[in-house]
Structure formats: C-alpha cells, structure tokens
Amino acid sequence: MTTPFKRIAFSLSSSLIILVATMAGLPAAGFASEMADKEVLYWYDPMMPQHKFDKPGKSPFMDMDLVPRYADEAGNGATMSIDPGITQNLGMRLATVQRESMNQSFRAAATLAFNDRDVAIVQARSSGFVERVYDLAPEDVIAKGAPLVDIFVPAWAAAQEEYLAISKVGDAQLLAAAKQRLRLAGMPTETIEQLQRSGKARPVWTVTSPIGGTLKTLDVRQGMTVQAGESLASVNGLDTVWLEVAVPEAQVTNLAPGQSITVHLPAFAGEPLEATIQSLLSQANLDSRTVRVRAELPNPEQRLRPGMTAEVTLNRNIEHALVVPAEAVIRTGRRSLVMLAEAEGRYRPIEVRTGRELGDKTEILDGLEAGQTVVASGQFLLDSEASLRGLTAQTLEHADHAHGPVLHEAEGEIVGLEDGMVGLSHGPFKTLHMPGMTMAFPVADPSLLEGFQVGSRVRVAVRESDLGLIIERMEALEASE
C-alpha cells in the first residue's frame, strides 16, 4: 500500500545520498561497493524503520527494496559514521556549543506623548460671573502664571470690605477672624495679600495657570455663570514628555525598568537622546501584537512636542545564554534539530528547544550542553543520510507528557491485517490537513487489533512520531454510522 507521497520521499532521500558520494569525489557505484564490504546487521524499510528483516528483498509495506543496516552504524546509540574524507570534501564545518553573556540591541518605532502625571485642572473657587476670557484657545502653549479668565465673585465684595474696616480698628483678634472668612469664601492667598497691600476691595478674580505647558481645554466664555468647583481649564506640562515604544511581544522578555534607550528623532537629526525605561505597560495591542514600553524625556527647552515620531534602540540584557550558530539548527516546522558531532567521525541527530535569535546565533533552551560540538555547515545532507538509515532524533527528555500525546481522528475500513500493521482505507484527518487515502499504520499495542477483521468499519485515533503515524486507539463503528 504505497502512496505517491512515500515513493517521492524515498526518491529524494536516495538522490541525496548519491549527492554525498558525488561531492566526495566517489562514483555512486564505488560508494555502494565500499558499503558492500561492511557487515550487515539487518535490513529495513526506510519508510518503516521500526521493522527489521534478516535478509534483503522487497519491502512488504512499500514498493521498494529493503536497505541494509551496517554494524558500524549500530554502536553508540542512534548515530552514524561518515568517512573524514567525505566530510572534508563537503566543506563541513563544526561549532562548539557555548554559554555567553550577551547584550542584544534591537530597534523599534516610538512616539512622543504628553506626560499625564504633569496635569493641572483649574476650577472655580467660588460662584461668580465670567467678565473676561483672555485671547487663548486649546493647544496654545502658555507660561506659568499666564491669565486665563476674570471672574466677578459677589461674595468676595462684602468679605473684603469687612476686612478693610476691621483693619482700620486695629483689633488683631477680629482682623484674624476676618482674614479667615476670606479664606473660607475661596479667596486665594495671593489675592488676600494683594488686598492687604492695596487696601482696596477687588471682587474680580483673575484666574491664572498654575503651570506652564499646553492649554488642553478652556471651558468658559464671557458672560457665563460658574459654580464653585466647576472646571474652567486644564493644562498639560511640557517640562517632560513620555516616549512610548511599540515593542514586539517576542522582544519584551528581559526588558525591565531602568534599562537605557537611545532615541533618534527625525526633527532633530544627528542629536541622539538618552532615556531610561520607566515601565512596561500592562496590556498588549491586539492588532499589532506589541507591548508599549514607556520612558520619560526631559524637555527643558520645550523642543519636544507630543505626537513626534522617533526610532529607538533598546538594549536587552541576556546573561549566560547557551548559543549555537543559527545555521546549525534544522527547522522541520514541527520541531528543531541539530546534528551532534561525536568522537571518531560519528554524528547523531538530536532535538533541541530554541529561544531567541541573537544576531547570527540561536539561543538553546534545552537539548544541548556547553562544550558539545554541532555541525554548522552540511548538516542537511547528514540529516537526509540519517533519515535514509532509519536513525531517529533523540527527543527532549523533559518533554511534558502529563496530558498524553495529541491524537488525530478519522474513520475508515480495514483492508489488511498483518504483523501488527493495519491496512486502512481512511477518510481525511482534518486536524492534520491530510486527505483520505489507503495506507498501512502500525499500532501502539497489538491488543488494539483484537476483535477486528478485514472489512471492519472503524474510527481510529493516531499520534505523530518519528516513525510516522501510529494508531493509539481504534473502535468499531456501528452499521448506522
């Protein structure tokens, strides 16, 4: 039961091993002759390497010849031996797994924003009438103490006249009580001091800005009546501005408050600014999949304006990262592999768990140790040779199987039962995006076959493995199904 996909896979593997021999300066026939002199342990089908045979012949599973496994390929676990002359002619390079203390920098886009901690809200201290609004509008930049509006406060008139009358009597106790009534009426300290200096009542209060910055709102107009506590205006300071950086989620790890940022603004080309991270904001942007990082920039000359764009360089400190050359990692889509170089010209494929890309190096989180040697160039040909010889990669020992393997289900009809294998004409495995076809499957436990025969309609659950798809569960379907 051979599928076109499997015939193609075997053809590609065969071509690659011939390519190894050709690049080494050996004719393919000579390469085969050299192998013929070695002791054969058993024969196997490269597409079903878990089955071993005592003699050569046709594969019972595929339309192809069985392949020999030689004695020098069996030692030292799932390894293979390659002649040093071949590796030299292939230009194979090796690299040592190293633990390095690294500082990675990357660039990101940023914008300047108002510092929301530097905001002043101006409110009416007493009820009154707006007599004048100064010639201002939102977004105007004003200085500290700039006049905003004049408000006539009727309640202040009587209180001021009373204070001036008592001040002429000279009774200190009464004068203190009158001054307290001015405060209770909402009169600012500077207005009371002006009253004491001038000796003239002035019930008109000129409201001024308590800070310099941008006038964000001005909510009054001439002739309006305002109540005590009503908001008149708001001002956002410009002495400092926020720098908000959109950092991709994958780059956020190991960023922390206090790290340095180099800022380049198009408005001030050639004048890099330095800032430090204040905080990493708590919510990511769902659309761009970025996290906002905030820093604060001093702005004494008020050249920096919110809304300006910037490009920043962030330094991400990574200490003692285990790394290999990025080109040494073979990415299959489902996992990552490296070819481990061992003594006496032996090589072994092993699975690794990778982390960040650090320039031309890849961080290894699990699967390797410092001091080991991996193949950095030519590893794809070795991987193809390992597949042809039926070598499976060493898996990560710490893999979490607490919840069992992922299973994929399909329905079909049994068309063959032999040697623990099930010939199955099945429908699509939707979760694998695999169309329906007829092929043979091994079973995880021979007891799964009990009670089944050719022609039985079944539902199967399979798992992926280095040996292909393996049936983990099989149950009969009722005729109605």
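Residues numbered from 1 in each chain as written. Predicted model: local features only at pLDDT ≥ 70, side-chain atom pairs only at ≥ 80, totals over all residues. Heavy atoms only, no water.

Moving on, we get to the overall build of the protein chain. Within the protein chain, the regular secondary structure consists of seven helices and 29 strands. Sequence-distant contacts, at least 24 apart, represent 69% of the contacts inside the protein chain between residues at least 6 apart. Total accessible area computed for the protein chain in this model is approximately 25,300 Å², and 51% of it derives from carbon and sulfur atoms. (Helix = DSSP H or I, 4+ residues; strand = E, 2+ residues; numbered from the N terminus. Contact = heavy atoms within 4.5 Å. Areas by Shrake-Rupley, 256 points an atom, 1.4 Å probe, with all protein chains shown as cover.)

Moving on, we come to the packing of helix H4 (residues 154-169) against helix H6 (residues 189-198). The N-to-C vectors of H4 and H6 enclose an angle of 45 degrees; their axes lie 11 Å apart at closest approach. For the element pair H4 / H6, the angle class is oblique. As for the relative orientation of H4 and H6, their crossing is right-handed in sense. Here Gln160, Tyr163 and Leu164 of H4 lie close against H6, whose contacting residues are Thr191, Leu195 and Gln196. Taken together, the residues of the contact of H4 with H6 break down into three nonpolar, three polar and no charged. (Axes fitted to C-alpha atoms, helices over the stretch in contact; angles between N-to-C directions. Parallel < 35°, antiparallel > 145°, perpendicular 65-115°, else oblique. Left-handed = near helix turned anticlockwise from the far one by under 90°. Nonpolar A, V, L, I, M, F, W, Y, C, P; charged D, E, K, R; others polar.)

In the predicted model, the protein chain carries a mean pLDDT of 79, and the fraction of residues at 70 or more is 80%. Ranking the elements of the protein chain by mean pLDDT puts helix H1 (residues 4-23) last with 38 and strand E14 (residues 231-237) first with 95. Predicted confidence for residues 73-77 stays below pLDDT 50, and this span has eight contacts to residues more than four positions away or in other chains. (pLDDT = per-residue confidence, 0-100.)

The subject of this paragraph is the nonpolar core. Ranked by size, the top nonpolar core spans 28 residues in total, and within it Ile151, Leu182, Val207, Leu215, Val220, Val226 and Leu232 carry the most contacts. Of all the secondary-structure elements, those providing two or more residues to this core are strand E10 (147-152), H4, helix H5 (172-184), H6, strand E11 (204-208), strand E12 (213-218) and E14. Tallying contributions element by element places H4 first for this core, with five residues. Ignoring anything within four residues of it in the chain, the contact list for Ile151 reads Gly128, Phe129, Pro203, Val204, Trp205, Val207, Val226 and Leu232. (Core = buried A, V, L, I, M, F, W, Y, C linked by side-chain atoms within 4.5 Å. Buried < 20%, exposed > 50% of the residue type's maximum accessible area, 1.4 Å probe, protein only.)

Taken together, four strands build an open sheet; the order of strands is E7-E14-E12-E9 and the sheet is antiparallel. Each having just a single partner strand, strand E7 (119-123) and strand E9 (141-142) make up the two edges of the open sheet. Where E9 and E12 come together, two bridges link them in antiparallel fashion. Note that in E12 the partner of Val141 across the bridge is Thr214. (Pairing = 2+ DSSP bridges.)

Right, let's get into the pairing of strand E18 (residues 290-298). Taken together, the nine bridges between strand E15 (residues 240-248) and E18 define a ladder with antiparallel strand orientation. Directly across from Pro248, in E18, lies its bridge partner Thr290. The sheet contact formed by strand E17 (residues 273-285) and E18 spans five bridges and is antiparallel. Note on E18: the bridge partner recorded for Ala284 is Val291. Between E17 and the antiparallel strand that follows it, E18, lie four residues; Arg289 among them carries a positive phi value of about 55 degrees.

Looking at the secondary structure, you find Asn115 in the loop between strand E6 (98-114) and E7. Only 3.3 Å separates the side chain of Asn115 from the side chain of Trp242, close enough to count as a polar contact. Sequence-distant contacts of Asn115, that is, excluding residues within four places in its chain, are made with Asn236, Thr240, Val241, Trp242 and Glu296. (Polar contact = N/O pair within 3.5 Å; in protein donor to acceptor, adjacent residues only side chain to side chain.)

This part is about the pattern of salt bridges. For the structure shown, the criterion picks out 13 salt bridges. For Glu342, the salt bridge is made with Arg348, and the minimal N-O distance between the two is 2.5 Å. Judged by its relative accessible area of 22%, Glu342 falls in the partly exposed class. Classification of Arg348 by relative accessible area gives buried; the value is 16%. (Salt bridge = Lys/Arg side-chain N within 4 Å of Asp/Glu carboxyl O.)

Looking now at the sheet that holds strand E26 (residues 421-426). Spatial strand order, E27-E26-E25-E28-E29: five strands in an open sheet with antiparallel pairing. Single-partner strands in this sheet number two, and they are strand E27 (437-442) and strand E29 (468-476). Between one strand axis and the next, the sheet turns through 45 degrees on average, direction left out of account. Pairing geometry for strand E25 (residues 408-418) and strand E28 (residues 457-465), over six bridges, is antiparallel. Along E28, the bridge assignment pairs Glu413 with Arg457.

Let us now look at the side chain of Glu363. The residue Glu363 is located in strand E23 (residues 361-366) in this model. In this structure, Glu363 is in contact with Ala321, Leu322, Val323, Arg353, Thr354, Gly355, Arg356 and Leu358, ignoring residues within four places of it in sequence.

Now for unusual backbone geometry. Although it is not a glycine, Glu139 adopts a positive phi angle of roughly 80 degrees. In this model, Arg289 sits at a positive phi of 55 degrees, which is unusual for a non-glycine residue. Secondary-structure assignment places Arg289 in the loop between E17 and E18. Judged by its relative accessible area of 39%, Arg289 falls in the partly exposed class.

On to the environment of Val207, then. Tracing the sequence through the fold places Val207 in strand E11. We classify Val207 as buried; its relative accessible area is 2%. Placed 84 residues apart in sequence, Val207 and Gln123 show a C-alpha to C-alpha distance of 9.0 Å. Contact partners of Val207, with chain neighbours within four places excluded, come to Val122, Ala146, Pro147, Leu148, Val149, Ile151 and Leu232.

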